[in-house]
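A closer look at the structure
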Amino acid sequence: MLVNAAQMLKDAEAGHYALGAFNTNNLEWTLAILQAAEEAKSPLIIQCSAGAAKWMGGFKVCADMVKAAVEATVVTVPVALHLDHGTYENCLECIEAGFTSVMYDGSHEETFQINLERTAEIVKIAHEKGISVEAEVGGIGGVEDGVVGQGEIADPEECKQIAALGVDFLACGIGNIHGVYPEDWAGLSFDALAAIKEAVGDLPLVLHGGTGIPVDQIQKAISLGVSKINVNTDLQLVFAAATREYIEAGKDLEGKGFDPRKIIKPGREAIVARAKELMEEFGSVNKA
């Protein structure tokens, strides 16, 4: 059974480890991420962006797929299904579709006041249905579903105002970006992270753009209160590399090597292996 993410993140915050929030892009991704979590005995957040949901046929298809996969593979670790970077409308759709957690990203609204008001509405609607809520202050850099962000540093006072609305966890810009980090990236701002944490107390914080951040910076961020780390590009890269290796070796031309299950299998196995590595780095192994 799917659960909301509130308690698992409270436990992570108190235990000074983080949970990987792994984006799913299809059934193969979902099964691979679930397998990794079960083998690592790690609580799991599977998340889906609006763009990925559209590719899969909609939020309802995604929710039904994840629920069926959890049941069919007899997963014993707690699993939350979370909307990643949702608009106000996306959140309402996901609440109806059966997601157990949503993110309202109000960081792109015209004013902070709009972010505050809509976050408050989503918190009220979601909490009435037992669904956890992530909010965002300070845009995350890079490109996410076509929205380009420059990587702002979140204002601790704004974080405190959003936290007071009763959100369950908070994404805050601390110099992190989506996608692959450029060579001249300045790194995470730990001063900003410490100031935000002081402002919001024991509220679990979220680090978006987890791909490519050095392990020592990831672990320092966890020590300063980050309890959820989003991962998408990282798994896409290992999937692509394993699939490329299969094709370039000509294995699709051997016998029935063209069978899509055989083509996809190396990539799926690569996702499992990499996700388990990340769970180890984040400290969530054997926390289920």
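Residues numbered from 1 in each chain as written. Predicted model: local features only at pLDDT ≥ 70, side-chain atom pairs only at ≥ 80, totals over all residues. Heavy atoms only, no water.

**Brief notes about the packing of aromatic side chains**
Pairs of aromatic rings are described using the distance from one ring centre to the other and the angle between the two planes. If you walk through the whole model with that rule in mind, you get two aromatic pairs. Measuring from ring centre to ring centre gives 4.8 Å for Trp-29 and Phe-239, while their planes differ by 45°; the resulting arrangement is tilted. Here Trp-29, found in helix α2 (residues 27–40), pairs with Phe-239, found in helix α10 (residues 233–248); they are 210 residues apart in sequence, far enough to count as distant. Across the pair, exposure class does not vary: Trp-29 and Phe-239 are buried alike. Between Phe-59 and Phe-99, the aromatic rings sit 5.8 Å apart at their centres with planes inclined by 85°, giving edge-to-face as the arrangement. (Phe/Tyr/Trp six-rings, centres within 6.5 Å; stacked < 30°, edge-to-face > 60°. Helix = DSSP H or I, 4+ residues; strand = E, 2+ residues; numbered from the N terminus. Buried < 20%, exposed > 50% of the residue type's maximum accessible area, 1.4 Å probe, protein only.)

**Remarks on helix α11 (residues 260–282)**
For α11, spanning 23 residues, the distance from its first C-alpha to its last is 33 Å, which sits close to the expected 33 Å at 1.5 Å a residue. Maximal helix bending in α11 amounts to about 30°, located at Pro-266. Looking at the buried residues of α11, the elements they touch are β1 (19–23), α2, β2 (44–49), α9 (215–223), β10 (226–231) and α10. The N-terminus of α11 is capped by Asp-259, whose side-chain oxygen sits 2.8 Å from the backbone nitrogen of Arg-261. Taken from the residues just after α11, Gly-283 is the one with a positive phi, measuring 85°. (Expected span 1.5 Å × (residues − 1). Bend = angle between axes of the 7 residues up to and from the residue. Contact = heavy atoms within 4.5 Å. Polar contact = N/O pair within 3.5 Å; in protein donor to acceptor, adjacent residues only side chain to side chain.)

**Some points on the nonpolar core**
Of all hydrophobic cores here, the largest spans 81 residues; its most connected members are Phe-22, Leu-44, Val-79, Phe-99, Val-102 and Leu-170. Among the elements that take part in this core, α2 stands out by supplying eight residues, more than any other. The residues contacting Val-102, other than those within four sequence positions of it, are His-82, Leu-83, Cys-91, Cys-94, Ile-95, Ile-122, Ile-131, Ser-132, Val-133 and Glu-134. (Core = buried A, V, L, I, M, F, W, Y, C linked by side-chain atoms within 4.5 Å.)

**What to know about the side chain of Asp-105**
Considering the arrangement of structural elements, one finds Asp-105 in the loop between β4 (101–104) and α6 (112–128). We note that Asp-105 is buried and unpaired, the nearest opposite charge coming from Arg-118 at a distance of 11 Å. Polar side-chain contacts of Asp-105 include one of 2.8 Å to the side chain of His-85. There is a polar contact of 2.6 Å between the side chain of Asp-105 and the side chain of Ser-107. Each residue touching Asp-105, except ones within four places of it in the same chain, is listed here: His-85, Gly-86 and Glu-136. (Lys, Arg positive; Asp, Glu negative; His and termini not counted. Salt bridge = Lys/Arg side-chain N within 4 Å of Asp/Glu carboxyl O.)

**With respect to the pairing of β10**
Burial analysis of β10 places six of its six residues in the buried class, which makes it a mostly covered element. One ladder, built from four bridges, connects β1 with β10; its direction is parallel. Looking across to β10, one finds that Phe-22 is bridged to Val-231. Looking at chain direction, strand β9 (residues 205–207) and β10 are connected through three bridges and run parallel. Looking at the pairing, Leu-205 lines up with Val-226 of β10. Following the backbone out of β9, through α9 and into the adjacent parallel β10, one traces a crossover that is right-handed. (Pairing = 2+ DSSP bridges. Right-handed = clockwise from strand over helix to strand, strands pointing away.)

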